[in-house]
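Coordinate analysis (summary)
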Amino acid sequence: MIERIRQGVINAFWMVAFAVIVGVVFNMARPAGIPFVGDWSPKAVTDIHAGDLEVIHVDDAFDLLSQEKALFIDAREPGAFAGGHIPGSVNITPGQAAERLGEVRTMLETGKTLIAYCYDVDCPLAAELVRRLGELGIRNIKVMPEGWTGWMDRGYPYE
Amino acid sequence: MNEQKHAVNEFLDSKGFQSIVAFVRVALGIMFVYAGLTKIVAPAGFALAVYNYHILPASLVNVTAIVLPWVEVVAGTCLVLGLWIPGGALIVSGLLFVFTVALGFNLSRGLDIACGCFSSSPTAEKITWWYLLRDGSLLVAALGVLVYDRGLFALQKKVFGSPAGPE
């Protein structure tokens, strides 16, 4: 038993070493290779999620809300939404994009800026929702990358 | 007492029990090869999944995403073929242990993230307690292979003429 585990450790060492070499070489050779040290700053993560979309900074979103020129769509799960959300926001998850298209259209007709958000910079749900709505022909919805966490960190109002 | 021990050993070495162990070994291996390949196909997506776990420092995220899938594929292939079985089983056990701890840690702090288990997509497969149970069961299976596999249906002897590990 002990001998078997000792044998396993030796085998495993060489197998991992082999995998590391293959992985590194393969990554350098392939076109889809990624940098060995990545940029995981909030801006870079935002670009990953919403690089192809229009984003709005949380402070600008708050200004618009203060002037009653913004409507918010909360893309988080219903449970999170029920626990608190930006005043007046409507809860639409990415999966509901198609069935609630009518509601989104009505919101757009108010002429206000539509802003989607989810948890925080790392959350992909808002961008996912806006992308799906875009595929259904609805444009002009902005993403607020800072999300619910960024909103609360600044002490902005919620309900 | 000795008689009982003898009976247990006889059972552990029996063709029936060893067939089950070999089946578990091959199934685990296939699972790991598949899991590794889905990540190798989309390295940027898997890097994001690793980042989202918020366990590793940002500087180690990409290296992990580059190397980890290959460790899975190499260890999985060895289990399927029956080469260096103790090594493959040890790696798979170690990975499953790390995955289980990482999952449990993030579930307990309520992080809503993608599993990154069999896919690199950030929106599919949210982590749940079910995944923790799954990883825990697989860990038990992998430890079973590590301890009990005697190399039935394994290539090791045929290729190298020596057993995969001490018999």
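Residues numbered from 1 in each chain as written. Chains lettered and ligands numbered in written order. Predicted model: local features only at pLDDT ≥ 70, side-chain atom pairs only at ≥ 80, totals over all residues.

A word on the overall build of chain B
Keep this limit in mind: Put simply, DSSP marks the helices as runs of H or I at least four residues long and the strands as runs of E at least two long, and each gets a number from the N terminus on. Think of it as a crowd count around each C-beta: if 20 or more other C-beta atoms lie within 10 Å the residue is buried, if 12 or fewer it is exposed, and in between it is partly exposed, with C-beta placed from the backbone throughout. Residue pairs are scored as contacts if the distance between their C-beta atoms, which are placed from the backbone, is within 7 Å.
Each helix and strand in chain B was counted, giving seven helices and zero strands. If one aligns the C-alpha atoms of chain B with their principal axes, the spans along those axes are about 55 × 35 × 25 Å. With 167 residues in all, chain B has 41% of them scored as buried. Counting contacts in chain B only where the partners sit at least 6 residues apart, residues at least 24 apart contribute 69% of the total.

Section: the overall build of chain A
Tallying secondary structure elements over chain A gives seven helices and four strands in all. The linear arrangement of helices and strands in chain A, starting from the amino end, is α-α-α-β-α-β-α-β-α-β-α. Based on the C-alpha atoms only, the size of chain A along its principal axes is roughly 70 × 35 × 30 Å. Counting every position in chain A, which comprises 159 residues, the buried fraction comes to 35%. Put simply, 71% of the contacts in chain A that link residues at least 6 apart link residues at least 24 apart.

What to know about the interface of chain B and chain A
Stated precisely, the cut-off is as follows: In the scheme used here, Gly and all other residues not listed as nonpolar or charged are polar, with Ala, Val, Leu, Ile, Met, Phe, Trp, Tyr, Cys and Pro taken as nonpolar and Asp, Glu, Lys and Arg as charged.
With 33 residues of chain B at the contact, the number on the chain A side is 31 residues. When contributions to the side of chain B that touches chain A are tallied by element, the ones reaching two or more residues are α3 (43-52), α4 (58-81), α5 (85-108) and α6 (129-148) of chain B. It is α4(B) that provides the largest number of residues to the side of chain B that touches chain A, a total of 13 residues. Classifying every residue of the side of chain B that touches chain A gives 25 nonpolar, seven polar and one charged.

Regarding the confidence of the model for chain A
Selection criterion: As a per-residue measure, pLDDT reflects the predictor's confidence and takes values from 0 up to 100.
Taken over all residues, the pLDDT of chain A has a mean of 94, while the share at 70 or more is 100%. Of all secondary-structure elements in chain A, the lowest mean pLDDT belongs to helix α4 (residues 78-82) of chain A, at 90, while helix α3 (residues 58-66) of chain A reaches the highest, 97.

Digging into the domain arrangement of chain A
Short version of the rule: Domain start and stop points were drawn from an automatic or database domain assignment.
Domain annotation for chain A reports domain 1 (1-38) and domain 2 (42-153). Centre-to-centre, using C-alpha coordinates, domain 1 of chain A lies 41 Å away from domain 2 of chain A.

Notes on the sheet that holds strand β4 (residues 141-143) of chain A
Residues and elements named next belong to chain A. Convention followed: Pairing between two strands requires that DSSP report at least two bridges joining them.
Pairing within the open sheet is parallel, and its four strands lie in the order β2-β1-β3-β4. Two strands bound the open sheet, and with one partner strand each, they are β2 (90-91) and β4. Examined bridge by bridge, strand β3 (residues 113-117) and β4 share three bridges and lie parallel to one another. Residue pairing for β4: Ala 116 is matched across the bridge by Val 143.

Structural notes on unusual backbone geometry
In this structure, Glu68(A) is a non-glycine residue whose phi angle is positive, near 55°. Tracing the chain through its elements places Glu68(A) in the loop between α3 and β1 (70-74). Judged by C-beta crowding, with 10 C-beta atoms within 10 Å, Glu68(A) ranks as exposed. In this structure, Trp84(B) takes a positive phi of about 45° despite not being glycine. By the C-beta count within 10 Å, which is 26 here, Trp84(B) ends up buried.

Some remarks on the pairing of β3(A)
Moving residue by residue along a regular strand, the side chains alternate between the two faces of the sheet. Residue and element names in this part refer to chain A. Using the following cut-off: Handedness of a crossover is defined as follows: with both strands directed away from the viewer, a clockwise route from the first strand across the helix to the second makes it right-handed.
Across five bridges, the pairing between β1 and β3 is parallel. Its bridge partner lying in β3, Asp 74 is registered against Tyr 117. What joins β3 to β4 is helix α6 (residues 125-135), and the crossover it makes is right-handed.

Brief notes about the packing of α5(B) against α6(B)
Angle between the axes and distance between the axes: these two values describe a pair of packed helices. All names here are of chain B. Threshold: Only the stretch in contact is used when fitting a helix axis, every axis being a line fitted to C-alpha atoms; angles between N-to-C directions are given from 0 to 180 degrees. Note on angle classes: values under 35 degrees are labelled roughly parallel, values over 145 roughly antiparallel, values of 65 to 115 roughly perpendicular, and the remainder oblique. Handedness of a crossing is defined here by the sense of rotation of the near helix relative to the far one, left-handed for an anticlockwise turn of less than a right angle and right-handed for a clockwise turn.
Axis separation between α5 and α6 bottoms out at 9 Å; the angle between their running directions is 160°. When the interaxial angle is binned, α5 and α6 end up roughly antiparallel. In terms of crossing hand, the pair formed by α5 and α6 is left-handed. Between α5 and α6, the residues in contact are Pro 86, Ala 89, Leu 90, Val 92, Ser 93, Leu 96, Phe 97, Phe 99, Thr 100, Leu 103, Gly 104 and Leu 107 and Trp 129, Tyr 131, Leu 132, Asp 135, Gly 136, Leu 138, Leu 139, Ala 142, Leu 143, Val 145 and Leu 146, respectively. Within the contact of α5 with α6, the residues separate by chemical class into 18 nonpolar, four polar and one charged.

Notes on the nonpolar core
Our working rule: Here a nonpolar core is just a set of buried residues of the types Ala, Val, Leu, Ile, Met, Phe, Trp, Tyr and Cys, joined wherever their C-beta atoms sit within 7 Å.
Formed by 51 residues in total, the largest nonpolar core has its most connected members in Ala75(B), Val92(B) and Ala142(B). When residues of this core are traced back to their parent elements, those giving at least two are α1 (2-29) and α2 (42-50) of chain A together with α2 (15-41), α3, α4, α5 and α6 of chain B. With 13 residues, the single largest contributor to this core is α4(B). What Ala75(B) contacts, discounting residues up to four positions off in sequence, is Met15(A), Phe32(B), Gly88(B), Ile91(B) and Val92(B).

Quick notes on α5(B)
For an α-helix, 3.6 residues make a turn, and residues three or four places apart therefore share a direction. Threshold: Expected span, for any helix, means 1.5 Å times one less than how many residues it has.
Across its 24 residues, α5(B) extends 34 Å between first and last C-alpha, which sits within 8% of the 34 Å expected from 1.5 Å per residue. Looking one or two places after α5(B), you find Gly110(B), whose phi comes out positive at around 70°.

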